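For reference, the chains in residue letters:
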Amino acid sequence: MTLLASPAVRMGISISIATGLYGVSFGALSVTSGLNFWQTMALSLLLFSGGSQFAFIGVVAGGGSGIAAMSAATLLGMRNGIYGMQLNALLRPTGWRKYAAAQVTIDESTATSTGQTDPAEQRRGFWAAGIGIYVLWNLFTAVGALAGSALGDPKQWGLDGAAVAAFLGLLWPRLKGREPVAIAVVCALATVVAVPVVPAGVPILVAAVVAAVIGWFSHGRSDEGLEPDVDPYRERHRHGGHHRGSGGQHSGHAGHPSGHGAHPSGSGQGGADPANGTGTGAAE
Amino acid sequence: MNLWFWLLLACATAYAWKLVGYLVPARLMENPRMSRVAGTMTIGLLASLTIVNTLANGQVLAADARLGALAAAAIALALRAPFLVVVLAGAVTAALLRILGWN
């Protein structure tokens, strides 16, 4: 009962339910992309990172090769390495906990943890969201996979349209401000140009290279694009993040992946960083 | 079996990324360019996946019911609908457009 009194744990549970539920759409889309039930479950149990899992089945559904699917999923997983670094500094797990923490290091568990100020709460939030999402995501993946294989012709049910919507839904929370929108448009155009000339699956990797070059040479927010698919603190952020309490901005080793509090100024409103000329304040 | 191989390799590389953050000394990973590239690549890949799933049929570009699904999803997202509702909006729109004869 004491655990349930913790705000971080309650946040972790609610984010687990919200995220876990969309495991249904992953499971259904995965089996209609041509993966079987156990391949679908292997992705949720072992890979366990929504964006990468959708990328893998998205490439396979489009007729891409296994290596292209693997490459797209791997490139999308890079941001989890950044989260791991932040969480390692924040939670300092030791021994086997380090290896367990790594597996549940995803957008949402990172966001739940870094949104808290008290170290004990940061730890509770991470594990509550991480374990909760892992359990529910896998449960609902199985439900979706079983339902998906019972559906018959996926096109008749608009499941290809569901995949389109899922990818836009994953992209949407990351389009905060003009610059990420510009990156998205440039990569979309690169994809359209590449589709007729290279094998299926490869246009996605072309877009990844374009995006990486933009990231390497431009000077936007260093955490741009590192927003969770489902932001546990979405509503509160709009009002300046009052959940942090009085002056309790954590400004040191870990930034909230959605950019709020990641800046040394701690205001999360952008514009305080002189090197940042791209106007992240427009995102608010 | 071939797909299993790439699938399990994808699982291994995904875990490797996650673990690297915990094992590599923080100062080696603190390069802001690293997190910036990770972020822009996430945006670029998701934008590309959206477009491929909307317009591509193998190597051919096509305008079909999936365009309607994209529009419906954008409207749902603009109205701040939850993820699952967005996905359902895409599916229902594509299915309805096909019933109406637009492939």
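Here the structure is a predicted model, which is why all the values come from computation and not from measurement.

1. Remarks on the overall build of chain B
At step 1: If you tally the helices and strands in chain B, you get five helices and two strands.
At step 2: Listed N to C, the secondary structure of chain B is α-α-α-β-β-α-α in terms of helices and strands.
At step 3: The C-alpha atoms of chain B give a radius of gyration of 19 Å, which is well past the 13 Å a tight globule of 103 residues would have.
At step 4: Once the C-alpha set of chain B is aligned to its principal axes, its extents read approximately 60 × 40 × 25 Å.
At step 5: Counting every position in chain B, which comprises 103 residues, the buried fraction comes to 50%.
At step 6: Taking contacts inside chain B between residues at least 6 apart in sequence as the whole, the part at least 24 apart equals 42%.

2. Quick word on the overall build of chain A
At step 1: A tally of helices and strands in chain A yields 13 helices and zero strands.
At step 2: Ordered by position from the N terminus, the helices and strands of chain A form the series α-α-α-α-α-α-α-α-α-α-α-α-α.
At step 3: The buried share among the 284 residues of chain A stands at 60%.
At step 4: If you take every contact in chain A between residues at least 6 apart in sequence, the share linking residues at least 24 apart comes to 71%.

3. Concerning the interface of chain B and chain A
At step 1: Counting from both sides, the interface comprises 68 residues of chain B and, opposite them, 90 residues of chain A.
At step 2: Listing elements by their share of the side of chain B that touches chain A, those giving two or more residues are α1 (2–23), α2 (26–29), α3 (32–55), α4 (65–78) and α5 (83–99) of chain B.
At step 3: A total of 24 residues in the side of chain B that touches chain A trace back to one element, the largest contributor, which is α3(B).
At step 4: Taken together, the residues of the side of chain B that touches chain A sort by class into 47 nonpolar, 16 polar and five charged.

4. Topic: the packing of α4(B) against α5(B)
Residues and elements named next belong to chain B.
At step 1: Look at α4 against α5: their axes get within 8 Å of each other, and the N-to-C directions meet at 145 degrees. In this structure, α4 crosses over α5, and the sense of that crossing is right-handed. From α4, Ala65, Arg66, Gly68, Ala69, Ala72, Ala73, Ala76 and Leu77 reach across to α5, where they touch Val85, Val86, Ala89, Gly90, Thr93, Ala94, Leu97 and Arg98.
At step 2: Residues belonging to the contact of α4 with α5 are distributed by class as follows: eleven nonpolar, three polar and two charged.

5. Let's talk about the nonpolar core
The tendency in soluble globular proteins is for nonpolar side chains to be buried as a group.
At step 1: A:Ala72, B:Leu45 and B:Ala73 are the most contacted members of the largest nonpolar core, which totals 113 residues.
At step 2: Ranked by residues supplied to this core, first place goes to α3(B) with eleven residues.

6. Some remarks on the environment of A:Glu227
At step 1: You can see A:Glu227 is positioned in the loop between α12 (202–217) and α13 (234–237).
At step 2: Along the primary structure A:Glu227 and A:Asp107 are separated by 120 residues, whereas in three dimensions their C-alpha atoms are 6.9 Å apart.

7. Examining α4(B)
Each full turn of the α-helix corresponds to 3.6 residues, which orients residues three or four apart in the same direction.
At step 1: Here α4(B) spans 20 Å end to end across 14 residues, near enough to the 20 Å set by a 1.5 Å rise per residue.
At step 2: Where α4(B) is concerned, the buried positions are B:Ala65, B:Arg66, B:Gly68, B:Ala69, B:Leu70, B:Ala72, B:Ala73, B:Ala76 and B:Leu77.
At step 3: Along its buried surface, α4(B) packs onto α10 (159–171) of chain A together with α3 and α5 of chain B.
At step 4: Immediately downstream of α4(B), the backbone of B:Arg80 shows phi near 60 degrees, a positive value.

8. Some remarks on helix α11 (residues 178–194) of chain A
At step 1: With 17 residues, α11(A) should cover 24 Å at 1.5 Å per step; its first-to-last C-alpha distance of 24 Å lies within 8% of that length.
At step 2: What α11(A) keeps buried is the set A:Glu179, A:Pro180, A:Ile183, A:Ala184, A:Cys187, A:Ala188, A:Ala190, A:Thr191 and A:Ala194.
At step 3: Turning to α11(A), the residues buried within the fold contact α10 and α12 of chain A together with α3 of chain B.

9. Overview of unusual backbone geometry
Backbone geometry follows two general trends: most residues other than glycine have a negative phi, and most peptide bonds adopt the trans configuration.
Residue and element names in this part refer to chain A.
At step 1: Unusually for a residue other than glycine, Phe48 sits at a positive phi of about 45 degrees.
At step 2: For Phe48, the location among the structural elements is in the loop between α3 (37–47) and α4 (50–61).
At step 3: The phi dihedral of Arg92 falls on the positive side, at around 45 degrees, and the residue is not glycine.
At step 4: Of note, Arg92 is situated in the loop between α6 (78–91) and α7 (96–103).

10. A look at the packing of α10(A) against α3(B)
At step 1: Contact geometry of α10(A) with α3(B) gives a least axis separation of 9 Å together with a crossing angle of 160 degrees. Classified by the angle their axes make, α10(A) and α3(B) are roughly antiparallel. In this structure, α10(A) meets α3(B) at a crossing whose hand is left-handed. Of the residues in α3(B), those in contact with A:Ala163, A:Val164, A:Phe167, A:Leu168, A:Leu170 and A:Leu171 of α10(A) are B:Ile43, B:Leu46, B:Ala47, B:Leu49, B:Thr50, B:Asn53 and B:Thr54.
At step 2: The class makeup of the residues in the contact of α10(A) with α3(B) is ten nonpolar, three polar and no charged.

11. Brief notes about the environment of B:Leu3
At step 1: Along the chain, B:Leu3 turns up in helix α1.
At step 2: The partly exposed category is assigned to B:Leu3, around which 17 C-beta atoms lie within 10 Å.
At step 3: Not counting residues within four places of it along the chain, the set of residues in contact with B:Leu3 comprises A:Gln39 and A:Gly66.

12. A word on the confidence of the model for chain B
All names here are of chain B.
At step 1: Looking at chain B, the pLDDT average stands at 90 and 94% of residues meet or exceed 70.
At step 2: Within chain B, no element has a lower average pLDDT than α2, which sits at 65, and none a higher one than α4, at 97.
At step 3: Reported confidences for the modelled complex are a pTM of 0.77 and an ipTM of 0.92.

13. Overview of the confidence of the model for chain A
Residues and elements named next belong to chain A.
At step 1: Mean pLDDT over chain A works out to 81, with 81% of the residues at or above the 70 mark.
At step 2: Here α13 is the element of chain A with the lowest mean pLDDT, 56, and α3 is the one with the highest, 97.
At step 3: With pLDDT under 50 throughout, residues 237–284 is counted as low confidence; its partners more than four residues away or in other chains account for 84 contacts.

Quick notes on the rules
Residues numbered from 1 in each chain as written. Chains lettered and ligands numbered in written order. Predicted model: local features only at pLDDT ≥ 70, side-chain atom pairs only at ≥ 80, totals over all residues. Helix = DSSP H or I, 4+ residues; strand = E, 2+ residues; numbered from the N terminus. Rg over C-alpha atoms; globule rule 2.2 N^0.38 Å. Buried ≥ 20, exposed ≤ 12 C-beta atoms within 10 Å, placed from the backbone. Contact = placed C-beta atoms within 7 Å. Nonpolar A, V, L, I, M, F, W, Y, C, P; charged D, E, K, R; others polar. Axes fitted to C-alpha atoms, helices over the stretch in contact; angles between N-to-C directions. Left-handed = near helix turned anticlockwise from the far one by under 90°. Core = buried A, V, L, I, M, F, W, Y, C linked by C-beta atoms within 7 Å. Expected span 1.5 Å × (residues − 1). Parallel < 35°, antiparallel > 145°, perpendicular 65-115°, else oblique. pLDDT = per-residue confidence, 0-100.

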